[in-house]
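Structure assessment
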Amino acid sequence: MVRLRSILLFLLLFKSFGSIIAEEEDQIEQFSEALLLRPLPDRKVLAHFHFESKVPPTRTHGSHHHLFPKSIYQLVHKFRVREMELSFTQGRWNYARWGGHDPISSRNAKPPGVELWATFDVPQHQVDASWRNLTHALSGLFCASINFLESSIAYSSPQWSFKSFATNIRYGTLPREAVCTENLTPWLKLLPCRDKAGLSALMDRPSIYRGFYHSQRLHLVSNEFDLAAASSGMVLEQTLTVVLQPVTLGSGMTSSVAIQQPSWSLSSLFGRKVSGRCVLSNASNVYVQLEPDLVSELKTTSETQQQSDVENLISQAWSDMSFEMSESAVRVIQEANDFQKESSLLYEFSLENFSDSRPFDLEFRWKRPVTWSSQLAPLQAHRFLMGSGNERGAIAISLKSVGRSEYAKSSVNEEGRCSLRVDLFQVVPWYVKVYYHTLKVFLDERLHSLADVVERTNVSPSEDKVSPGLMEIALRLPCDVHSVILTLEFDKGFLHIDEYPPDANQGFDIPSALIRFPEIKTKMHLFEDKSACKSPILSKLQEESPVLWYTEVLLVPLTTPDFSMPYNVITITCTVFALYFGSLLNALRRRVEEEERLLKSKAAKPSGPIGVLLSKLSAKLRGKPLEPPPPSSSSKVSYKLILRVILVAGIAAAWQYFYG
Amino acid sequence: MPEGASRDSAMAEISEAPTSSDPPNTKSEEEHFDPKTMRKTKPGLKRLFLTLTVFISFLIALPFLLKSIEIYRAPLPFEDIDLLSTEMEKNHLLFPCQFQVVFVNFDDITAVNELGLLIDSHMQKLTSENSPPCGACGNNVTVAVTIDSNSNCIHSESGNGDSKWQCGMLNGFDKVNDHDEDFDEYLESVLDSKNRKVYTVVVMNRKQEDVRIVVGKYRHAWIVGNDSVEKAVEKMAEIFIKVFVNGGKEEGSIRGEFMPVGADGKVVLSFSLLNSDPHDWVYDWDFKELDEILLAPVVDALRPVADISVESQVLYHTPKSSYSYWDDTQGSYIFSTKDLPFFVNSNEWHLDTSTAAGGRSKVLHFVLYVPSAKECPLKLQLPNGEISMTNGFISPMWGGIIVWNPPACVENFQMQHLSRHKISSEDLKMISEVFMGQLRQLFGLKSESLYVGGFATSVLLTSDKGFAEWELDVLSRHHTCFNLLQCGTTLGSLSRLVQSLPRMIIMDEIGKQVKYSLEAAKLSLGNVSLGYSDASAVSSRKARALAEDAFYHPSMMSVSYYSFEHCFAVYSPFFLPVSLHVLLAVMREWKRYRVENRKYLAWKVKVKVE
């Protein structure tokens, strides 16, 4: 309790200073690093690196920086980027287990591959040109094939479902982009300490790429070009979110290993320790977050041990707890949430006092088995393909309720009916020709009329080889719905032979659809006063953001031609023509009478030895006595013919033997 | 084929045909008539004509086929390209220059024209020692001589009227030796060389012990002292040739043909401050000050040569990749000149090409390296064992590096942990001067303010713009020459490439670019010979940019090479068998016709004999 009071006192003191400090700090460049660790219910650990660079506006600060990366600054100025987000992701975020209703998942769960969106501060007609140039610049900067987003068949401009109040936005994804270290290294280059010091030194490549989910993100906000607004310069936020399976530390080898959560430490997760902070960062902290459900679970387990408050968790009296941590936290932040009875806990560790000689290696050790579940999104979304064959199919998006009703409370309308708004944003490549009139909505497995459910739609059908199809739908669903299924039928298109990718037989990807719950916002209620929060990661967590859900990427097999087909066709056509031509020519210069006379004279002459032999043989076979040789015309001819055939066969065999 | 094999017998049959159809005439005739060697009718031409028609029509159609499968190649003026590149390689571009000599207070000489010839011959001697570098002054040099003494004022015949020296301007100007700068400005106000582009040397006969030679910031120099005319003439010729024309370069330094200017005429000066280990100390600079006060005039001055933009960054954790050792006598860590190739650590120094620099502009890196505590102070040892004054070095076409030892390491002062320092403005000024010297060297100029020639040592006045007028002239001439050379070699390699790949598609745009590039190069050459140096610089830059545009055109890069094998594979399934048929048919018919005709002739002869 004493500690809690001191924290409060500190906060109060800080509040008074805060405004003065904030004024000054706005005028210098800032960089901060943070790492948030969270044990996940399925025996995995989430590690979320967060780096933020801020730079004051050029008007007051000039264009020479000592922390902010030059390349990004130049990028923003050259293409007049207002906001941009680029993410490289490998693996899928498991919404059901790792949570879908917390700020981290709604911001950092990204579709597989590359996702890029950007808004520009240029006139409407220049946006596409800016986008194309930006994709090329980013492609060079991050060693990725982002330049494939350049062509108009690869990007689209969502109106309201992807991001509210955004104009001049362009959005594109590359679901099949492989993400690896060559993308991480340039990303690290943007940090002042790269991976030489500080938290980024933990990024041991084999460890972080071994994880179940890996998402590297770069988010850039600049209002340099706003003339009216009080410009706050540029903010570059770089995050790396990984989900790792800890190697169990050798302890608690009891029979309950199966349900016991694995204990972990930084060195067991990453194979490295943190040897001090990056000296250039203003703040460098490590946080361990316990989810609300886990906190309440821990409370109940404590109650059975006759311990009765969350204060045990706060005061870090590990002896009675279900877990312990090797370092003692500088600060424990409890979420002050009015709506929910559970609230999450954040343990803050500062890297201030650690160095090479005393590296920071946080160890998190479970003592008793605990089970809990993450905060889930109101509806679970999945998308799949229906139908078979290479001609047509259907896309189905299913939304299933998770059976919690507390989300609904906030969205009761005037008539007292509880409803839930769901925005759906889906981009479909042109060769999957979606018939938007076939959209059907099933509520609880009963067909429903669209007008009842759909609040707003924006569809821009695809144009062959020009633009992809874009569908934005806002659904208004009753709260008590259990399952919603949307289906759309499509025809599979044919591509030109040049348009097939090298591995055409693998199929074609339809990028993830985005399900957005615009009325359900998620944030952590850490501090009442915003200025009290110094750490950028905490202020990010406090920001409200809508709950998002990216669906699976779909793999559509299209008819793939035999790519040697054109040549085969050419060959066979030419052969037929050549045959026709040759026989025509021969027919024209044929001398029929002469040939007949020739036949007659042949008949008069005795046939060759092979002809005799053949006729004898045939007579024997027929079981008839040898007749006098029939008027064979071809005895001499066939003899030569056979010689020739043998010669050709010999040449062919030799050819085959030597070259085949 | 049975037909071919049994031809002889077939021939025999044919000659029988008329005999069987016609009633036999006489017994004796039949005896003498051998159907194997004779025939009575003329052999028909119908089939021969038919096959020949087919064959000839194939031959006629062949050009049309070739035309139809021809790929598009814009016509390129190969001869003109070859002409340009050989011309650029063979004889260097030479500019016309105007010189003026003024003898002040020389009472005993009057032969101005002879003096002019003498200076000219000395200059010829100096230029003939080594072939003139590209961008030097050519043979059409005019030397105007003026003798300005108390008694008379004589002008030589050469030299145009308006550039003449007005006599008596220097009367009463005594403090020549005290304030070089003031005298320089005064001379400039008199000569107005900025607009007239005449190089002037003023010789002043004075009673003083040593002879001083000063080269001003504009286009003139003066010699003060008690010197004989012959010696003064030698010195003058040297100043003209070695300083004004060649830019005071040492022989064998960076070759003048290389100018660190991009094809689009842009140069990006990228300044990087590298803190090799921020755990020891973190230094920051006020680059804005450096940019606005020290670099802006230079950028402005170089505008005729290149369009320069400046950017900066600060990087951390950037150790150098070469080793240094501790030297007790120097009290510092030493790295020697042989380590220099390994100094730049390309793995850790993310100097990056600039996004803003797009296109083909040249990036010159200027690196200020702050060593870490364990290698501080770090000093560069020259090959002669001395410690370098500037502690920096350049890498041609790449940029320059300065090692700056922070004051903290010299004082061996235990710093507070994690403190951020600013490089003091005095240090920054010194650093910027070294950078300036490096920039001058990268452009092929001397970084010292003394020129030691064969006859005399002259003082070069330094301009606060970094480059004197005559140096800019030299650069501009070199730039023009370099651009034209580059244009010639680029077009030459383009033409070689195009000629070596006969089935490469060449877009119209490339043809146009090549054409315009050649036109611009010709225009530039014409302007050079006429003496319009600014216009020739502009058109030479255009010529080079267009040539490079053509060479790096995306359609040249892509795999638009439509190979002959491909073409053959597509057409051979039809044309190979058909042409075989046609050829064989023609050959056979022709052979048969000849044989039959011989038979017919033989019969005729026989008939005649009988």
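Residues numbered from 1 in each chain as written. Chains lettered and ligands numbered in written order. Predicted model: local features only at pLDDT ≥ 70, side-chain atom pairs only at ≥ 80, totals over all residues.

With that settled, the discussion passes to the overall build of chain B. Scanning chain B from N- to C-terminus turns up 17 helices and 18 strands. Scored against the burial criterion, the 610 residues of chain B give a buried share of 40%. (Helix = DSSP H or I, 4+ residues; strand = E, 2+ residues; numbered from the N terminus. Buried ≥ 20, exposed ≤ 12 C-beta atoms within 10 Å, placed from the backbone.)

Our next topic: the UniProt feature "transmembrane region" (unreviewed entry) in chain A. Residue and element names in this part refer to chain A. UniProt marks residues 567-588 and 641-659 with the feature "transmembrane region" (unreviewed entry), using the numbering shown here. The span residues 567-588 is 100% helix and 0% strand, and its two end C-alpha atoms sit 31 Å from each other. Between the first and last C-alpha atoms of residues 641-659 the distance is 26 Å; the span itself is 100% helix and 0% strand. (UniProt positions renumbered as here; feature names shortened; annotations may be inferred.)

What follows concerns the sheet that holds strand E21 (residues 469-478) of chain A. All names here are of chain A. Taking strand neighbours across the sheet as the criterion, the five strands line up as E20-E21-E17-E24-E25 in an open arrangement whose pairing is antiparallel. On the outer flanks of this sheet lie strand E20 (454-460) and strand E25 (545-550), each paired with one strand and no other. If you compare each strand with its neighbour and ignore which way they point, the axes differ by 20 degrees on average. Across three bridges, strand E17 (residues 419-428) lies against strand E24 (residues 514-522) in antiparallel orientation. Along E24, the bridge assignment pairs Leu-424 with Ile-515. (Pairing = 2+ DSSP bridges. Axes fitted to C-alpha atoms, helices over the stretch in contact; angles between N-to-C directions.)

Residue and element names in this part refer to chain B. The N-to-C vectors of helix H13 (residues 469-500) and helix H15 (residues 533-551) enclose an angle of 25 degrees; their axes lie 8 Å apart at closest approach. Comparing their axes, H15 and H13 come out roughly parallel. When the axes of H13 and H15 are compared, the crossing they make is left-handed. On the side of H13, the interface is formed by Ser-476, Arg-477, His-479, Thr-480, Asn-483, Leu-484, Gln-486, Cys-487, Thr-490, Leu-491 and Leu-494, while H15 contributes Ser-533, Ser-536, Ala-537, Ser-540, Arg-541, Ala-543, Arg-544, Ala-547, Glu-548, Ala-550 and Phe-551. The class makeup of the residues in the contact of H13 with H15 is nine nonpolar, nine polar and four charged. (Parallel < 35°, antiparallel > 145°, perpendicular 65-115°, else oblique. Left-handed = near helix turned anticlockwise from the far one by under 90°. Contact = placed C-beta atoms within 7 Å. Nonpolar A, V, L, I, M, F, W, Y, C, P; charged D, E, K, R; others polar.)

Residues and elements named next belong to chain A. In space, the 11 strands of this open sheet follow the order E5-E6-E4-E3-E7-E8-E2-E1-E10-E13-E12, with mixed pairing throughout. The strands lining the two open edges of the sheet, one partner per strand, are strand E5 (155-156) and strand E12 (331-334). With 10 bridges joining them, strand E7 (residues 213-222) and strand E8 (residues 234-244) adopt antiparallel strand pairing. If you follow His-219 over to E8, its bridge partner there is Glu-237. Contacting strand E3 (81-90), strand E4 (113-120), E5 and strand E6 (169-174), helix H6 (residues 127-142) crosses the sheet at an angle of about 140 degrees to E4. Those strands touched by helix H7 (residues 181-189) are E3, E7 and E8, and its axis lies near 35 degrees from that of E7.

Listed as interface residues are 36 residues of chain A and, on the opposing side, 41 residues of chain B. Broken down by secondary-structure element, the contributors of at least two residues to the side of chain A that touches chain B are helix H3 (70-79), helix H14 (565-588), helix H15 (592-604) and helix H17 (635-659) of chain A. No other element matches the 10 residues that H14(A) contributes to the side of chain A that touches chain B. Of the residues that constitute the side of chain A that touches chain B, the class distribution is 16 nonpolar, 10 polar and 10 charged.

Following Cys376(B), the chain continues into Pro377(B) via a peptide bond in cis, with omega recorded as -5 degrees. Residue position: Pro377(B) is located in the loop between strand E12 (362-370) and strand E13 (378-381). Within the chain, Arg43(A) stands out as a residue other than glycine whose phi angle is a positive 65 degrees. Take Arg43(A): it is sitting in the loop between strand E1 (30-39) and strand E2 (45-55). Since 16 C-beta atoms lie within 10 Å of it, Arg43(A) is described here as partly exposed. Of note, the phi angle at Arg80(A) is positive, near 50 degrees, even though the residue is not glycine. Assignment of secondary structure puts Arg80(A) in the loop between H3 and E3.

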